[in-house]
Amino acid sequence: MFASELAGGWFVHMSGASSTSATNPQATLDMASATAALEVAVRAPSIHNTQPWRWRLGHHGLDLVADRTRQLAVADPDGHSLLISCGAALHLTELALRLDGWRIETTYFPDPDDPDLLARFHPTGRDPADPVLAEEVDAARRRQSDRRPFAAGPVSPQERETLRAAGSDSHAWVDFPDRLDRQVELAVAVSWADRAQRKDEAYLAEMRHWLRDPDVHTFLDGVPADAFPHVPADHPRHTDVPLRDFEVGVTGRQLIEHDVDEQPLIVVIFTPTDTPRDHLNSGIAMMKIMIQAELLGLGSCPLSQAVDLVAFRAHLRGQLGGIGLPQMMLRIGNRNNSLRVAPPTPRRGPSTVLDMIDY
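Scoring rules and cut-offs
- Residues numbered from 1 in each chain as written.
- Predicted model: local features only at pLDDT ≥ 70, side-chain atom pairs only at ≥ 80, totals over all residues.
- Heavy atoms only, no water.
- Helix = DSSP H or I, 4+ residues; strand = E, 2+ residues; numbered from the N terminus.
- Buried < 20%, exposed > 50% of the residue type's maximum accessible area, 1.4 Å probe, protein only.
- Contact = heavy atoms within 4.5 Å.
- Areas by Shrake-Rupley, 256 points an atom, 1.4 Å probe, with all protein chains shown as cover.
- Pairing = 2+ DSSP bridges.
- Core = buried A, V, L, I, M, F, W, Y, C linked by side-chain atoms within 4.5 Å.
- Axes fitted to C-alpha atoms, helices over the stretch in contact; angles between N-to-C directions.
- Left-handed = near helix turned anticlockwise from the far one by under 90°.
- Nonpolar A, V, L, I, M, F, W, Y, C, P; charged D, E, K, R; others polar.
- Phe/Tyr/Trp six-rings, centres within 6.5 Å; stacked < 30°, edge-to-face > 60°.
- Arc of directions from axis to C-beta.
- Polar contact = N/O pair within 3.5 Å; in protein donor to acceptor, adjacent residues only side chain to side chain.

A. Here's a closer look at the overall build of the protein chain. Along the backbone of the protein chain there are nine helices and twelve strands. Among the 359 residues that make up the protein chain, the fraction classed as buried is 53%. When contacts within the protein chain are restricted to residue pairs at least 6 apart in sequence, those whose partners lie at least 24 apart make up 77%. On the protein chain, roughly 15,400 Å² of surface is accessible, and the fraction owed to carbon and sulfur atoms is 54%.

Written as structure tokens, this is what we have:
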């Protein structure tokens, strides 16, 4: 459960706490435990696969730090998407540490003078690993963002409510704009944002910088061509809510069926306010939903054009009736099992994102 707000904007979250286990002040994370946790945490999704995070290991625990050198200057000038990406990595860090038997106290924004220090994971003792955590971690490892059309058939009502429960708590909540009028409003908002970005040469240049051709580039970041579909100009996709088009000088290698009417479940994550903590919470909610979708056998993919910029989010909020502040969107649906499984998108390993410090 979350504790009350502390002075200076600190927040504390007890993860994996046991009422029968006493706190052990001598508990110390070692390099092996941190490395094992980051093997999972680096699988978090991030905008353009920028992976805008680092971790620091010291005597007081493990820190998650925003890597501003990987922030998108055009598509993410206020760091909104960076924090959502880091929120997803934050949740996976907690899951992996708990699976390793650690009882963790997580402090959000522990240093008011360092806003890029996003979270500190402080070990307080050991607990038996929960087998449910192993299932969630396995799902997080194998999850991929599927940008192809999903198979026909809606997500069932029971699956919808399971996804809603996974992404909703007192800090963020999930809604599905499934009424026809709200679907139209959502489509208008996403299409408006998509057109604005496609007309921005700086945005297109930034996207090209993060595209990778597996036959040419040796890379551990960015979006590889075999992770997004090729959509011929003379045969566009039949979809009301456009996906981000990565074919900017690089041809996608995922093949898709033509003339498929796409009807995925659109998930919108809302928060009550619009602070950096809300952005982290949205990333946590996103990661929980994606893990749950994987456990249900569903495909998922971020749908983030309409939330990239402050103006886009304000427009989307107006279109959706102002029920909260929209922070992130996902598309979820039944996988098309006739399609080839895409290779995992490369990630930087723990050794490249983990620093040892003395503090």
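Picking up where we left off.
B. Broad picture of the side chain of His91. With respect to the helices and strands, the residue His91 is situated in helix 2 (residues 80-99). Not counting the four nearest positions on each side in its chain, His91 is found in contact with Ile284, Met287, Lys288 and Ile291.

C. Inspection of the pairing of strand 10 (residues 298-302) at higher detail. Within strand 10, four of the five residues are buried, which leaves it mostly tucked inside the rest of the structure. Taken together, the five bridges between strand 10 and strand 11 (residues 325-334) define a ladder with antiparallel strand orientation. Within strand 11, the position partnered with Cys301 by the bridge is Arg331.

D. Summary view of the nonpolar core. One finds Trp53, Trp55, Leu62, Leu64, Leu92 and Phe121 to be the most contacted residues of the largest nonpolar core, which totals 71 residues. Sort the elements by how many residues they give to this core and helix 2 lands first, with eleven residues. Apart from residues lying up to four places away in sequence, Trp53 is in contact with Val42, Ala44, Pro45, Ser46, Leu64, Val65, Asp67, Ser85, Cys86, Ala89, Arg348 and Val353. In terms of nonpolar packing, the next biggest core, distinct from the first, is built from nine residues, Leu72, Tyr203, Met207 and Leu211 among them.

E. Structural context of the sheet that holds strand 11. Spatial ordering of the open sheet is given by 6-9-11-10, a layout of four strands whose pairing is antiparallel. A single partner strand is all that each edge strand has here, and the edge strands are strand 6 (173-175) and strand 10. Averaged over neighbouring strand pairs, the angle between their axes works out to 30 degrees when direction is ignored. Direction of pairing for strand 6 relative to strand 9 (residues 265-271): antiparallel, over a ladder of three bridges. The residue of strand 9 that forms the bridge with Asp175 is Val268.

F. Representation of the packing of helix 4 (residues 157-167) against helix 7 (residues 276-295) within the structure. At a minimum axis distance of 8 Å, the contact between helix 4 and helix 7 shows a crossing angle of 145 degrees. For the crossing formed where helix 4 meets helix 7, the hand is right-handed. Contacts between helix 4 and helix 7 involve Thr162, Leu163, Ala166 and Gly167 on the former and, on the latter, Ala285, Lys288, Ile289, Gln292 and Ala293. In the contact of helix 4 with helix 7, the residues fall into five nonpolar, three polar and one charged.

G. Geometry of the packing of aromatic side chains. A full pass over the atoms with the stated rule returns two aromatic pairs. Ring geometry for Trp53 versus Trp55: centroids 6.2 Å apart, planes at 50 degrees, classification tilted. The exposure classification of Trp53 matches that of Trp55, with both residues buried. Seen in terms of ring centroids, Trp173 and Phe270 are 6.3 Å apart; in terms of plane orientation they differ by 15 degrees. Their pairing is stacked.

H. Representation of helix 8 (residues 310-319) within the structure. Along helix 8, the positions that sit buried rather than exposed are Phe312, Arg313 and Leu316. Summarising the axial view, the buried residues of helix 8 lie within an arc of 95 degrees, below the 170-degree limit, and thus occupy one face. Within helix 8, the exposed residues directed more than 90 degrees away from the buried face are Val310 and Gly318. Count one or two residues on from helix 8 and you reach Gly321, which has phi positive near 90 degrees.

I. Highlighting the side chain of Arg103. With respect to the secondary-structure elements, Arg103 resides in strand 4 (residues 102-108). There is a polar contact of 3.1 Å between the side chain of Arg103 and the backbone oxygen of Arg126.

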